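# Notes for the structure review
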Amino acid sequence: MHDLVIRNATVHAGSGTPGISADIAIDGDRIVAVGQIDEDAIEHLDASGLVAAPGFIDVHSHDDFQVLTEPDVTHNVLQGITTVIVGNCGFGAAPSDAAQVQMKAIQEVDSTFKLWAGYSGYLEAVDQNPPSLNVAALVGHHTVRRAAMGGVEKRAPTPDELATMRKMVAEGMEAGAVGLSTGLVYEPGRYSETSEVVAVAEEVAARSGIYVSHMRNEGDGLLDAVRETIGIGSSAGCGVEISHHKAVGAENWGKVTQSLGLIEAAQADGMDVTADQYPYTARSTMLFALVQNGTFGSGSGGAMGRSSPDEVLLCSVPGASGLEGRTLQSFVEEWDLPGEDAANRLLSEHGNEVLVAAFGMDEGDVRMVMAHPSTMIGTDGLDRGSKPHPRAWGTYPRILGKYVREEGILSLEDAIWRMSGFPAKKFSLKDRGAIRPGAFADIVLFDPKTVIDSATFEDPRNGPDGIPHVIVNGKFVVKDGKHTHARAGRALHRADS
Ligand SMILES: [Zn+2]
């Protein structure tokens, strides 16, 4: 007698092979059989007409704190995500006191948080108060730098400070973190020289982790930034993941042809270099960071590319939610100020935590990056304010509905690979991202004919259509399209740790 048998599904293994018609048997938290299952079960699910795929692994999550403060993480599980990899763009969860300062801009920081010791303490906190999905963590470079140097310092670390940073990274890796992330456009990571990043990445390389980077430049300097990123992995001796691969600013459109070429060249040299992407032409970030990087200044724009004020939407304005959804252009007109001055006035009145969505990418580039075999999928979601970028709710169904079914950019089996087996392999998550006997029962069931995102920039907090069931470690977290509130997740550790 099995615990659960899913019958008549089109089963995708997550390895890029086409689906097969089969049943899936689950005992406890594991898949025990795939094929024709005659044995009876306590619970049955008729999945006729549905695809069963490995639960999606969001390689680019910023929900480090949200998995603890809002353990339902509804925006994730409704779209079929069963594992998030947190700690991206340099924003890591430990040491916890530095993390609470560093995260303020992108996460709701709860002052009642108990402090945790290092990444071992963070992963324990996840296990003690489990969310509805699994959590794996990257060590964040900003957070260890801030902790080791006592704040945002616009200089290189002293040898002692660098040794402290290395120790913190080593602790994270020993605790089971999957790698190290940087965000070299943000404070304080932007003040790091390449050699500092190589030094901390060596602690990761020594423990078979990977180097993940929001690169120093995604605009005019994109190609040099890709070279720096690959060079850091090469010098330290570890694999590389380029975060949210894109070219920002109209003058840089088309450069992804060359950045993809650099990835191909590194792969041909035997390096493990891959990337991730969210399927939209708008990015989302702190307004402060856009100003600091020259997005609204004169010239061709800096590290984050150019956007005009009418391309910028306010997502989250702490204490002034009535402003959310307005464009920067509306303030330019109201105050009769240039874009940068209007942005600075917003920051001085409402603080540096203002989050925005900013258009500035080319749809052709998005498709080209998506179709390239180096690309996996991640949300980069920031579910804050009343108008968050819709990627927090819509990334996976948008890939499956718009880019697979409607536009044919990817085949279904290829898209599923980029959402499950590929990230599990890259981030060393054992027995995840696969439907086969022995794998953990993280499964998403969706209707390939109807699956689609419904989150928009105007109305972003909408779950998808066509994803009726999501299973995490053998338990339904979404059933018949509704969150069950099951807290079935756990902390995941790098496979060899
Ligand atoms: Zn980023």
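Let me sum up the structure you'll find in this document. (Residues numbered from 1 in each chain as written. Predicted model: local features only at pLDDT ≥ 70, side-chain atom pairs only at ≥ 80, totals over all residues. Heavy atoms only, no water.)

## Side note on the overall build of the protein chain
- Helices and strands together make up the secondary structure of the protein chain, namely 16 helices and 20 strands.
- Here the C-alpha atoms of the protein chain give a radius of gyration of 22 Å, agreeing with the 23 Å that 2.2 N^0.38 yields for 497 residues.
- Taken along the three principal axes of its C-alpha coordinates, the protein chain extends 70 × 50 × 50 Å.
- Residues classed as buried in the protein chain amount to 63% of the 497 residues present.
- Across the protein chain, contacts joining residues at least 24 apart in sequence account for 75% of those joining residues at least 6 apart.
- Of the accessible surface of the protein chain, which amounts to about 16500 Å², a share of 49% is contributed by carbon and sulfur atoms. (Helix = DSSP H or I, 4+ residues; strand = E, 2+ residues; numbered from the N terminus. Rg over C-alpha atoms; globule rule 2.2 N^0.38 Å. Buried < 20%, exposed > 50% of the residue type's maximum accessible area, 1.4 Å probe, protein only. Contact = heavy atoms within 4.5 Å. Areas by Shrake-Rupley, 256 points an atom, 1.4 Å probe, with all protein chains shown as cover.)

## Considering the sheet that holds strand S12 (residues 273-277)
- In spatial order, the strands read S6-S7-S8-S9-S10-S11-S12-S16; together these 8 strands make up an open sheet with parallel pairing. If you trace the sheet from one side to the other, it starts and ends with strand S6 (56-58) and strand S16 (375-377), each paired once. Sheet twist, expressed as the mean angle between neighbouring strand axes with direction ignored, is 30°.
- Pairing analysis gives 3 bridges linking S12 to S16, with the strands arranged parallel. In the strand pairing of S16, Asp276 is matched with Met376.
- The sheet strands contacting helix H4 (residues 118-128) are strand S7 (81-86) and strand S8 (134-140), and the helix crosses S8 at an angle near 160°. (Pairing = 2+ DSSP bridges. Axes fitted to C-alpha atoms, helices over the stretch in contact; angles between N-to-C directions.)

## Description of the packing of aromatic side chains
- Applying the stated criterion across every chain yields a total of 9 aromatic pairs.
- With a centroid separation of 4.9 Å and an interplanar angle of 50°, the aromatic rings of Phe359 and Phe457 are classed as tilted. Taken together, the positions of Phe359 in strand S15 (residues 355-359) and Phe457 in the loop between strand S17 (443-446) and strand S18 (469-472) put the pair 98 residues apart, joining distant regions of the chain.
- The exposure class of Phe359 is partly exposed, given its relative accessible area of 26%.
- The structure contains a cluster of three or more aromatic residues connected by ring pairs, namely Phe56, Tyr396 and Phe446.
- Above the face of the Phe440 ring, Arg30 is positioned so that its terminal group lies 3.8 Å from the ring centre.
- Over the aromatic face of Phe476 sits the side chain of Lys479, whose NZ or CZ is 4.5 Å from the ring centroid. (Phe/Tyr/Trp six-rings, centres within 6.5 Å; stacked < 30°, edge-to-face > 60°. Lys NZ or Arg CZ within 6 Å of the ring centre and 35° of its normal.)

## Quick look at the state of the cysteines
- Inspection of every chain in the model, using the stated rule, returns 0 disulfides.
- Counting only cysteine sulfurs, Cys89 is the nearest neighbor of Cys238, a cysteine outside any disulfide, at a range of 17 Å.
- Cys89 supplies the cysteine sulfur nearest to Cys315, a cysteine that is in no disulfide, at a spacing of 15 Å. (Disulfide = S-S within 2.5 Å.)

## Examining helix H7 (residues 194-205)
- Taking 1.5 Å per residue, 12 residues should reach 16 Å; H7 reaches 16 Å between its end C-alpha atoms and fits that length.
- Buried residues dominate H7, accounting for 9 of its 12 residues.
- If you check which residues of H7 are buried, you get Glu196, Val197, Val198, Ala199, Val200, Ala201, Glu203, Val204 and Ala205.
- Along its buried surface, H7 packs onto helix H5 (141-149), helix H6 (159-175), strand S9 (179-183), strand S10 (210-214) and helix H8 (222-236). (Expected span 1.5 Å × (residues − 1).)

## With respect to the environment of Arg155
- If you trace the backbone, Arg155 turns up in the loop between H5 and H6.
- Classification of Arg155 as partly exposed rests on a relative accessible area of 32%.
- Taking the C-alpha atoms as reference points, Arg155 and Leu492, 337 residues apart in sequence, are found 35 Å from one another.
- Apart from residues lying up to four places away in sequence, Arg155 is in contact with Arg145, Met149, Glu161 and Tyr191.

## Let's talk about the pattern of salt bridges
- A complete count under the given rule lists 29 salt bridges for this structure.
- Residue Asp383 is joined to Arg461 by a salt bridge in which the shortest nitrogen-to-oxygen separation is 2.9 Å. Taken together, the residues Asp383 in the loop between S16 and helix H14 (391-406) and Arg461 in the loop between S17 and S18 connect sequence positions 78 residues apart.
- Asp431 is the partner of Lys430 in a salt bridge, and the nearest nitrogen-oxygen pair spans 3.8 Å.
- You can call Lys430 exposed: its relative accessible area is 56%.
- A single salt-bridge network, built from bridges that share partners, covers Arg166, Glu174, Glu202, Glu203 and Arg207. (Salt bridge = Lys/Arg side-chain N within 4 Å of Asp/Glu carboxyl O.)

## Comments concerning the sheet that holds strand S13 (residues 282-286)
- Taken together, the 3 strands give an open sheet; going across it, the order is S13-S15-S14, and neighbouring strands pair in antiparallel fashion. Each edge of the sheet is formed by a strand with only one pairing partner; in this case those strands are S13 and strand S14 (312-316). Neighbour to neighbour, the strand axes of the sheet diverge by 30° on average, direction disregarded.
- Where S13 meets S15, 5 bridges bridge the pair, whose relative direction is antiparallel.

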